[in-house]
Amino acid sequence: MNVEMIESKIGEIVAELEREAMEVIGDEKLDKKQTNLRMKPLTSTKQILLNAIDSIKMVDRLSKENM
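Below or above, wherever it landed, is the structure these notes cover.

Criteria and thresholds
- Residues numbered from 1 in each chain as written.
- Predicted model: local features only at pLDDT ≥ 70, side-chain atom pairs only at ≥ 80, totals over all residues.
- Heavy atoms only, no water.
- Axes fitted to C-alpha atoms, helices over the stretch in contact; angles between N-to-C directions.
- Helix = DSSP H or I, 4+ residues; strand = E, 2+ residues; numbered from the N terminus.
- Parallel < 35°, antiparallel > 145°, perpendicular 65-115°, else oblique.
- Left-handed = near helix turned anticlockwise from the far one by under 90°.
- Contact = heavy atoms within 4.5 Å.
- Nonpolar A, V, L, I, M, F, W, Y, C, P; charged D, E, K, R; others polar.
- Salt bridge = Lys/Arg side-chain N within 4 Å of Asp/Glu carboxyl O.
- Buried < 20%, exposed > 50% of the residue type's maximum accessible area, 1.4 Å probe, protein only.

This next bit is on the packing of helix α1 (residues 3-26) against helix α2 (residues 32-65). Packing of α1 against α2 leaves a shortest axis separation of 10 Å and a crossing angle of 165°. In terms of their interaxial angle, α1 and α2 are classed as roughly antiparallel. Regarding α1 and α2, the two cross each other, and that crossing is left-handed. Within the contact between the two elements, α1 uses Val-3, Ile-6, Glu-7, Ile-10, Ile-13, Val-14, Leu-17, Glu-18, Glu-20, Ala-21, Val-24 and Ile-25 and α2 uses Thr-35, Arg-38, Met-39, Leu-42, Thr-45, Lys-46, Leu-49, Leu-50, Ile-53, Ile-56, Lys-57 and Asp-60. Residues that form the contact of α1 with α2 fall into these classes: 15 nonpolar, 2 polar and 7 charged.

Another point: the pattern of salt bridges. Taken as a whole, this structure holds 4 salt bridges when the rule is applied. The salt bridge partner of Glu-16 is Arg-19, with a shortest N-O separation of 2.8 Å. Note that Glu-16 and Arg-19 are positioned in helix α1 at a spacing of 3 residues, about one turn of the helix. Taking the relative accessible area as the measure of exposure, Arg-19 reaches 46% and is therefore partly exposed. Here Lys-46 ties to Glu-18 by a salt bridge, and the two come within 2.8 Å at their closest N and O atoms. Here Lys-46 is found in helix α2, whereas its partner Glu-18 is found in helix α1, with 28 residues between them in sequence.

Structure representation (structure tokens):
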């Protein structure tokens, strides 16, 4: 399994999520409630992706240890 490539691609997605989050934060037309509603999916998705990276790394490490 090419963990580095997967990590790189997920990193690109996370960077895009962070850009979107900064746009939401910087949008002065949104009130606090609207900002929070738009931020929650972005932060949840980021956390899911970071957890996926950790899981993939752990599975890869365990598979190498069992060889």
